[in-house]
Structures are given as C-alpha cells and as structure tokens.
Amino acid sequence: MFTGKYKMADKLIEVNSIYEKVHEYCKDYLTDEPADLSVKITAEDIIYEKQKSDSEFAYEGKDIPDFSDDLLEETAVYRKIAEYMPSYDTFVFHGSVIAVDGQGFLFTAKSGTGKSTHTRLWREYLGDRAVMVNDDKPMLKITDSGVIAYGTPYNGKHRLGCNMSVPLKAICILTRGEKNSIVPIGKTEAYSMLLQQVYRPQDPLQMAKTLKLVDKMAAGIELYRLACNMDMEAAEVAYNGMKG
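The notes below deal with the structure included here. (Residues numbered from 1 in each chain as written. Predicted model: local features only at pLDDT ≥ 70, side-chain atom pairs only at ≥ 80, totals over all residues. Heavy atoms only, no water.)

In this section: the overall build of the chain. Along the backbone of the chain there are seven helices and twelve strands. For 244 residues, the compact-globule estimate of 2.2 N^0.38 gives 18 Å, and the C-alpha radius of gyration of the chain, at 18 Å, lies within 12% of that figure. Principal-axis analysis of the C-alpha atoms gives the chain an extent of 50 × 45 × 35 Å. Expressed as a percentage of its 244 residues, the buried residues of the chain come to 48%. Here the contacts in the chain between residues at least 6 apart in sequence split such that 69% fall between residues at least 24 apart. If you sum the accessible surface of the chain, you get close to 11,900 Å²; carbon and sulfur atoms cover 50% of it. Computing the positive centroid from 30 side-chain charges and the negative centroid from 36, the chain places the two 5 Å apart. (Helix = DSSP H or I, 4+ residues; strand = E, 2+ residues; numbered from the N terminus. Rg over C-alpha atoms; globule rule 2.2 N^0.38 Å. Buried < 20%, exposed > 50% of the residue type's maximum accessible area, 1.4 Å probe, protein only. Contact = heavy atoms within 4.5 Å. Areas by Shrake-Rupley, 256 points an atom, 1.4 Å probe, with all protein chains shown as cover. Lys, Arg positive; Asp, Glu negative; His and termini not counted. Charge placed at Lys NZ, Arg CZ, Asp CG, Glu CD.)

Moving on, we get to the pattern of salt bridges. As enumerated under the stated definition, the model contains 15 salt bridges in all. Where Glu 124 meets Arg 120, a salt bridge forms, and the shortest distance between an N and an O atom there is 2.8 Å. Taken together, the residues span about one helical turn, with Glu 124 and Arg 120 both in helix 4 (residues 115-126) at a distance of four residues. A relative accessible area of 35% places Arg 120 in the partly exposed class. As a salt-bridge pair, Glu 189 and Arg 225 come within 2.4 Å of each other at their nearest N and O atoms. Taken together, the residues span a long stretch of sequence, with Glu 189 in helix 5 (residues 187-197) and Arg 225 in strand 12 (residues 222-228) at a distance of 36 residues. Look at Glu 189 and you get partly exposed, because its relative accessible area is 44%. (Salt bridge = Lys/Arg side-chain N within 4 Å of Asp/Glu carboxyl O.)

Turning to unusual backbone geometry, a few remarks are in order. Even without a glycine there, the phi angle at Ala 9 is positive, about 50°. Along the chain, Ala 9 turns up in the loop between strand 1 (2-8) and strand 2 (11-17). Positive phi values are uncommon outside glycine, yet Asp 10 reaches one of about 65°. For Asp 10, the location among the structural elements is in the loop between strand 1 and strand 2.

On to the environment of Ile 221, then. Along the chain, Ile 221 turns up in the loop between helix 6 (204-220) and strand 12. For Ile 221, a relative accessible area of 11% translates into the label buried. Along the sequence, Ile 221 and Lys 187 sit 34 residues apart, while their C-alpha atoms lie 9.1 Å from each other. Once residues lying within four places of it in the same chain are set aside, the contact partners of Ile 221 are Val 147, Leu 168, Lys 169, Ala 170 and Ile 171.

This part covers the layout of surface pockets. Reported here for the largest pocket is a volume of approximately 2,000 Å³. If you trace the largest pocket, you find 46 residues lining it, with Glu 56, His 94, Ser 111, Asp 136 and Lys 137 closest to the centre. Elements supplying a minimum of two residues to the lining of the largest pocket: helix 2 (43-59), helix 3 (69-84), helix 4 and helix 5. When its residues are assigned to classes, the lining of the largest pocket shows 16 nonpolar, 15 polar and 15 charged. (1 Å grid on protein atoms, 1.4 Å probe; cavity = no way out; pocket = protein on both sides within 12 Å on 5 of 7 lines; lining within 4 Å. Points joined across faces, edges and corners; volume = space filled by probe spheres on them. Nonpolar A, V, L, I, M, F, W, Y, C, P; charged D, E, K, R; others polar.)

Count 3.6 residues to each turn of an α-helix, and residues three or four apart come out pointing the same way. When helix 7 (residues 232-242) is considered as a whole, its buried residues turn out to be Ala 234, Ala 235, Ala 238, Tyr 239 and Met 242. Considered in projection along helix 7, the buried side chains sweep an arc of 120° and stay on one side of the axis. At its buried positions, helix 7 is contacted by strand 5 (96-100), strand 6 (103-108), helix 4, strand 10 (165-176), strand 11 (181-184) and strand 12. Phi for Gly 244, located one or two positions after helix 7, is positive at around 80°. (Arc of directions from axis to C-beta.)

What follows is the structure in structure tokens.
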C-alpha cells in the first residue's frame, strides 16, 4: 500500500493506494499537513472502474481500451474524493477553467464540442494574462459570496492546469456555430447542462447536497451560451461578452 497526502480545494486528503502511479500524478498537490479525510483503494474499486469504462465505450460503439490497473486506480481515487466533497460545499465539475486578470471563466459542453480548443484560443488571444486553472475536472466550492474554482491533478490528457484557485465570474455553455455570438441565459436554460456536467455522487445524501449546491451556483453566477467556430474571433467575442 502506498500513501500520500494532498491538498485539493483547501482540503487535506490522505490517499492510500495499491499502486504508486497515482502519487506521481498528484505530486504537485503534495502536503504534509494533517488530513481532513482519507480514501483507500481496494481491488474491487479497480474492477468497478474497469466495468464502468468498458460499458461506456461499448455504449458509444467504440473499441474497448485496455487500461492498466494503475491507470484505473487514478480514476478510482478521484471518484472517492468526489464522493466526499459535497460535505465541504464543493463538487467536481466537467469543464475547462481559465483565469484572466484574477477572474475565472468556466467553459462546459458536450464531449467533442471544443472546450480545450476554445480555451487555447483565449490563451493565444490574451497571452500571459490568461492562465489555465484546469482543463477537465476542476473542483468548484460554492460559498455565500460566490464560486471558487480550484485546479486539481485531474486536468485532462494534456495536463493543462495548475495548483491555484480563482473566483469564478461566469460559466459558459459552448455550442458549435458558423458565426460567433454570445448571449446571457438564465438558470432554467442552463440547469440541465449543469446537472449533466457535475459529478453525481452514489450516496443519496451527498447527491441531495450536490443538487442544492448546483441550484445555489446557478442562481448566483453569470451564465452564458456561446455559439462559436474555431477562429480567433471566438475568443474575442466570448471574452468581451463576459468580462463586464
């Protein structure tokens, strides 16, 4: 058994794993502070991740990949962490967060729409002013004064992100379009996508807490829909539409 402690979303998490690889993956978040919570991976957890992955690929009509056990364990660790986080008014969200001048902008969409491509255009358009917080699975903490987005080790296949936090100014739902345009939308219009993209705990009490947190977030943050192509103008239109 391999053990390490990591700080994510201001919580200290002890990870007890079967394989060492997950600790290399999380090394930028290493801490020696006392843990707030502990997760322990079993062989059954890895089997579960294998079965879940296989069923998802089969459902989409794709070839089933041969993921190694230590790679599956990385997913199992984050799943267990995500199950705990609603207790701390925090959840894992599928999206790409970029910080500009100390404000965070989160882009979310159905897979394959181009979240990562769009945030790359922001970095090209804004240069050093734009910093990737997390390109895949950030954590969002919901507070009475707003939403805080946190980088996590789970930042996508290109490992774009860093160990930082930023107040979230807006959430933008991406759609493909020939012409770039952005419009503010209301909670009702955004809600189904937000629910699709949030990590939904298996524990009923944690799921109920998550639904309350999503509701609070949707009621208290700016929400937008962006129709975009892959031209640089898309970043210009999006940024100017949301920066305030």
